[in-house]
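Residue-level listing of the chains:
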Amino acid sequence: MDYEAIFHQSVERLKMERRYRVFADLERDAARFPYAMWRPEGQDKTPREVVIWCSNDYLAMGGHPDVVKAVTKATQRHGAGAGGTRNISGTHHPIVDLEHELADLHGKEASLVFTSGWISNLAGISTIASLLPDCLILSDELNHNSMIEGVRRSGCEKQVWRHNDVAHLEELLQQAGQERAKLIVFESLYSMDGDIAPVAAIADLAAKYNAMTYIDEVHAVGMYGARGAGICERDGVMDRIDVIEGTLAKGFGNMGGYIAASASIVDAVRSYAPSFIFTTALPPSVAAGAAAAVRHLKTSQGERDQHQKMARMTKHALSAAGLPVMDNPSHIVPLMVGDAEKCKQASDLLLERHGIYIQPINYPTVAIGTERLRITPTPRHTQAHVAELVEAVVDVWTTLGLPFTQASIIPLRRDEPAAVAQCTYPELKRAAE
Ligand SMILES: *Cc1c(COP(=O)(O)O)cnc(C)c1O
């Protein structure tokens, strides 16, 4: 058995299928985000300044002065690591504090913090479902990998409902009957298409058929709702969803994940989940940084408003230039390519020729034929950044012979400026007029 050859061939297979991934070597500048230094591979390793357009640090909270200060202070006071699992070494106070912030944020009795959002879904879904007798899990077909792993790990029976299709969900609930334990698992905001689940309608069905609900609000926490608790808060249904899961790594700009729920659900997961019990807790610095971000966004609406405005401006400007933006009701800006190789080439050209970093999104993250550039504007991007982006993308589309569209222009609000007007290409200027 040639072990080395097997690994080598596995990677070669990915390369042939155009699925081999290359990560850009980036050095983020907290004070100047979205700027970063990029170190190209190969001969010329001279760092070059680039603009990041695909960060999930959606609100740039990772570099917020309150957050940086909290992280620094906590490290100086408490040192670097947590010192062990909570079962072995107890709970350091910054996590207690963070869990209070999160329970309060979601209007729940308790919350439990994990080392990542991925782990929180694995632990949350698998533990809750496996504690329910003969539980049937009803899972949205576009659920994130971490939720699928949680479902698998539970060992429970699973049925998949068509994405956001409440009629199909109702059919499955009806078949299962009132008496059987049922857990509905879904996301509030799906991160690839940027579409939003009909949360209230799902909560209605859960009440009608006596099912439990588990929602992943990873791409919404910090960004939606009056205090940044997510789509459930925005839609006024937080109290109608049993378990709310979120991450501290995206809108909150740090690291870690959590569930918020009733005291007994949280206590059960805390007591039964191996992926909570047998792993070292988040360090005090990270817990303190996350708590600072959560606290800040409970009262500060400015980041959310600017975030939505920049997303609308980006969609408007790209669509006005005839680029195939998928419209949706969220901050995600999917720019469709529809071919893995072209998608990678577009990403490479944007980086090398224009100093714009947008990672290509290919299978298996999205379906074959729907490969795309997933653009995530932040409050730190400006009108000038958007104008530069549009010019760069038009150049890349022209170079690669990618199709432009005649689809309708995605509107701005009346008081919002059109970034296309700042473009230097005459054709784009005309589009703005
Ligand atoms: C990123 C992501 C997660 C995992 O969160 P991490 O904190 O990055 O581990 C969970 N669910 C969804 C929908 C995600 O996109």
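Heads up: the structure comes first, above all this text.
Looking at this structure, I do not really get the overall build of the protein. What am I missing?
Each helix and strand in the protein was counted, giving 16 helices and 14 strands. Expected size for 433 residues packed as a compact globule is a radius of gyration near 22 Å; at 23 Å, the protein falls within 12% of this value. Along the three orthogonal principal directions, the C-alpha set of the protein runs to about 65 × 65 × 55 Å. Burial analysis of the protein (433 residues in total) assigns 54% to the buried set. A sequence separation of at least 24 residues applies to 73% of the contacts in the protein between residues at least 6 apart.

For this particular structure, what's the right way to read the site of the ligand?
The immediate surroundings of the ligand are formed by 14 residues, with Gly-117, Asp-216, His-219, Thr-247 and Lys-250 found nearest. At 2.8 Å from an oxygen atom of the ligand is found a main-chain nitrogen or oxygen belonging to Gly-117. Top contributing element to the shell around the ligand by residue count: helix 5 (residues 117-131), with three residues. In the shell around the ligand, the residues fall into three nonpolar, eight polar and three charged.

What is the right way to read the pairing of strand 4 (residues 110-114) from this model?
A regular strand places its side chains on the two faces of the sheet in alternate fashion. The element strand 4 is extensively covered by neighbouring structure, given that five of its five residues are classed as buried. By the alternation rule, side chains of strand 4 split into Ala-110, Leu-112 and Phe-114 and Ser-111 and Val-113, which are all buried.

Looking at this model, I keep getting lost on a nonpolar patch on the surface. Mind explaining?
Together, Met-1, Tyr-3, Ile-6 and Phe-7 line one region of the surface with nonpolar side chains, adding up to about 540 Å² of accessible area. Taking the relative accessible area as the measure of exposure, Ile-6 reaches 39% and is therefore partly exposed.

Please clarify how the layout of surface pockets should be interpreted in this entry.
Over the atoms rolls a probe the size of a water molecule, and in doing so it shows where empty space is left. Taken as a whole, the second largest pocket encloses approximately 320 Å³ of empty space. Forming the boundary of the second largest pocket are 14 residues, of which Ala-70, Lys-73, Ala-74, Ala-288 and Arg-295 lie nearest the centre. Listed by contribution, the elements that provide at least two residues to the lining of the second largest pocket are helix 2 (65-78), helix 4 (93-106) and helix 12 (284-299). Ranked by residue count, the leading element in the lining of the second largest pocket is helix 2, at eight residues. The residue inventory of the lining of the second largest pocket, partitioned by class, reads six nonpolar, two polar and six charged.

Criteria and thresholds
Residues numbered from 1 in each chain as written. Predicted model: local features only at pLDDT ≥ 70, side-chain atom pairs only at ≥ 80, totals over all residues. Heavy atoms only, no water. Helix = DSSP H or I, 4+ residues; strand = E, 2+ residues; numbered from the N terminus. Rg over C-alpha atoms; globule rule 2.2 N^0.38 Å. Buried < 20%, exposed > 50% of the residue type's maximum accessible area, 1.4 Å probe, protein only. Contact = heavy atoms within 4.5 Å. Near = heavy atom within 4 Å. Polar contact = N/O pair within 3.5 Å; in protein donor to acceptor, adjacent residues only side chain to side chain. Nonpolar A, V, L, I, M, F, W, Y, C, P; charged D, E, K, R; others polar. Patch = residues over 30% accessible without salt bridge, like charges linked within 9 Å, V, L, I, M, F, W, Y side chains within 5 Å. Areas by Shrake-Rupley, 256 points an atom, 1.4 Å probe, with all protein chains shown as cover. Salt bridge = Lys/Arg side-chain N within 4 Å of Asp/Glu carboxyl O. 1 Å grid on protein atoms, 1.4 Å probe; cavity = no way out; pocket = protein on both sides within 12 Å on 5 of 7 lines; lining within 4 Å. Points joined across faces, edges and corners; volume = space filled by probe spheres on them.

Everything listed here is a matter of geometry and, on its own, says nothing about what the molecule does.
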